[in-house]
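Tertiary structure, described
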Amino acid sequence: MKNFKDKVVIVTGASSGIGEAMAREFAAQGARVVLGARSVQKLQLIAGEIRSQGGQAAYCGVDVTNVDECRRLIETAVNEFGGIDVLVCNAGLSMRAIFDDVDLGVLHRLMDVNFWGTVNCCKFALPYLQQSHGSIVGISSVAGLHGLPGRTGYSASKYAMTGFLETLRIENLKKGLHVMIACPGFTASNVRFSALTADGSAQGETPRNEAKMMTSAEVARIVARGVLKLSLIQI
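Residues numbered from 1 in each chain as written. Predicted model: local features only at pLDDT ≥ 70, side-chain atom pairs only at ≥ 80, totals over all residues. Heavy atoms only, no water.

1. Notes on the packing of helix α3 (residues 67-81) against helix α4 (residues 104-132)
Any two packed helices are characterised by the angle at which their axes cross and by the distance between the axes. Where α3 meets α4, the axes come as close as 8 Å, and the angle between the chain directions of the two elements is 30°. Overall, the two elements α3 and α4 adopt an arrangement that is roughly parallel. In terms of crossing hand, the pair formed by α3 and α4 is right-handed. Each of Val67, Cys70, Arg71, Leu73, Ile74 and Val78 in α3 lies in contact with α4, whose residues at this interface are Asn120, Cys121, Phe124, Ala125 and Tyr128. Tallied by class, the residues present in the contact of α3 with α4 amount to nine nonpolar, one polar and one charged. (Axes fitted to C-alpha atoms, helices over the stretch in contact; angles between N-to-C directions. Helix = DSSP H or I, 4+ residues; strand = E, 2+ residues; numbered from the N terminus. Parallel < 35°, antiparallel > 145°, perpendicular 65-115°, else oblique. Left-handed = near helix turned anticlockwise from the far one by under 90°. Contact = heavy atoms within 4.5 Å. Nonpolar A, V, L, I, M, F, W, Y, C, P; charged D, E, K, R; others polar.)

Take a look at the structure:
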């Protein structure tokens, strides 16, 4: 994979934040992008803007915790563009609550979205990615490398994602499949606004100064560069 020209790239969680930025970045580099998220109206708008700028884009409403919807997302990419070259598992949910106070349902929800959402999409995309010698990209976090206070469920789900993807990489070493785990630090992204509090309600706003954070566009550029560089090394 020397460049993204005409490569088929699926991005989950593509309706905002890092996911939206990655969809736009890959499209700008010539990829045919397939956007997945729960908000179909936002996907329509973003896909339309990509097309208006000369790019190629399709979209599919998907809740990554739903196995059938994940299958439909993969089928959309195959039906629209004939295959898959890159799967970016970006759909994610965060939290803000110490374990003493948090409802256990919050942790189950985080694991369903962050871990099982990745597993679900990878399961259906894997045969096509093996065929294309493509790439799987998991958007994790520094919280997936080190535990962070107030983020028990988030850290645990990202650790689980890392373990799953590292194992997938090992199992596919001789099949030409590239697996990359990206662990950005604090990023100006909508994920913090939807972060779950102790009772499962959305945080709604963030106390952090976003002006000092890395932007979603910067993360997208770094991830895209990493896919090109590291997939070449492995293949």
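2. Side note on empty space enclosed by the protein
For the structure shown, the criterion picks out one cavity of 30 Å³ or more. Its boundaries defined by the atoms lining it, the largest cavity holds a volume of some 40 Å³. Around the largest cavity, the lining residues are Thr12, Val64, Cys89, Asn90, Ala91, Val113, Asn114, Gly117, Thr118 and Cys121. Among the residues making up the lining of the largest cavity, the classes are represented as five nonpolar, five polar and no charged. (1 Å grid on protein atoms, 1.4 Å probe; cavity = no way out; pocket = protein on both sides within 12 Å on 5 of 7 lines; lining within 4 Å. Points joined across faces, edges and corners; volume = space filled by probe spheres on them.)

3. A closer look at the pairing of strand β4 (residues 86-89)
Along β4, one buried face is formed by Val86 and Val88 and the opposite face, lined by Leu87 and Cys89, is buried too. Of the pairings in the sheet, the one linking strand β1 (residues 8-12) to β4 comprises three bridges and is parallel in character. Considered in β4, the bridge of valine 11 is made with valine 88. Note: β4 against strand β5 (residues 135-139), four bridges, orientation parallel. (Buried < 20%, exposed > 50% of the residue type's maximum accessible area, 1.4 Å probe, protein only. Pairing = 2+ DSSP bridges.)

4. Regarding the layout of surface pockets
Left-over empty space is what a probe sized like a water molecule reveals as it rolls over the atoms. Quantified by volume, the second largest pocket comes out at close to 180 Å³. Along its surface, the second largest pocket is lined by Lys5, Asp6, Arg24, Ala27, Ala28, Gly30, Ala31, Ile50, Gln53, Gly54, Gly55 and Gln56. Among the elements that line the lining of the second largest pocket, the one with the most residues is helix α1 (residues 17-28), at three residues. Along the lines of polarity and charge, the residues of the lining of the second largest pocket split into four nonpolar, five polar and three charged.

5. A look at unusual backbone geometry
In this structure, aspartate 6 takes a positive phi of about 65° despite not being glycine. Relative to the elements of secondary structure, aspartate 6 occurs in the segment before β1.

6. Structural notes on α4
Given 3.6 residues per helical turn, the α-helix brings residues three or four places apart onto the same face. An ideal rise of 1.5 Å per residue puts 42 Å on 29 residues; α4 measures up with 40 Å between its terminal C-alpha atoms. Approximately 50° is the largest bend angle found in α4, and it occurs at alanine 125, with the proline proline 127 only one to four residues beyond. Where α4 starts, the residue carrying a side-chain oxygen 2.7 Å from the main-chain nitrogen of glycine 105 turns out to be aspartate 103. Phi for histidine 133, located one or two positions after α4, is positive at around 55°. (Expected span 1.5 Å × (residues − 1). Bend = angle between axes of the 7 residues up to and from the residue. Polar contact = N/O pair within 3.5 Å; in protein donor to acceptor, adjacent residues only side chain to side chain.)

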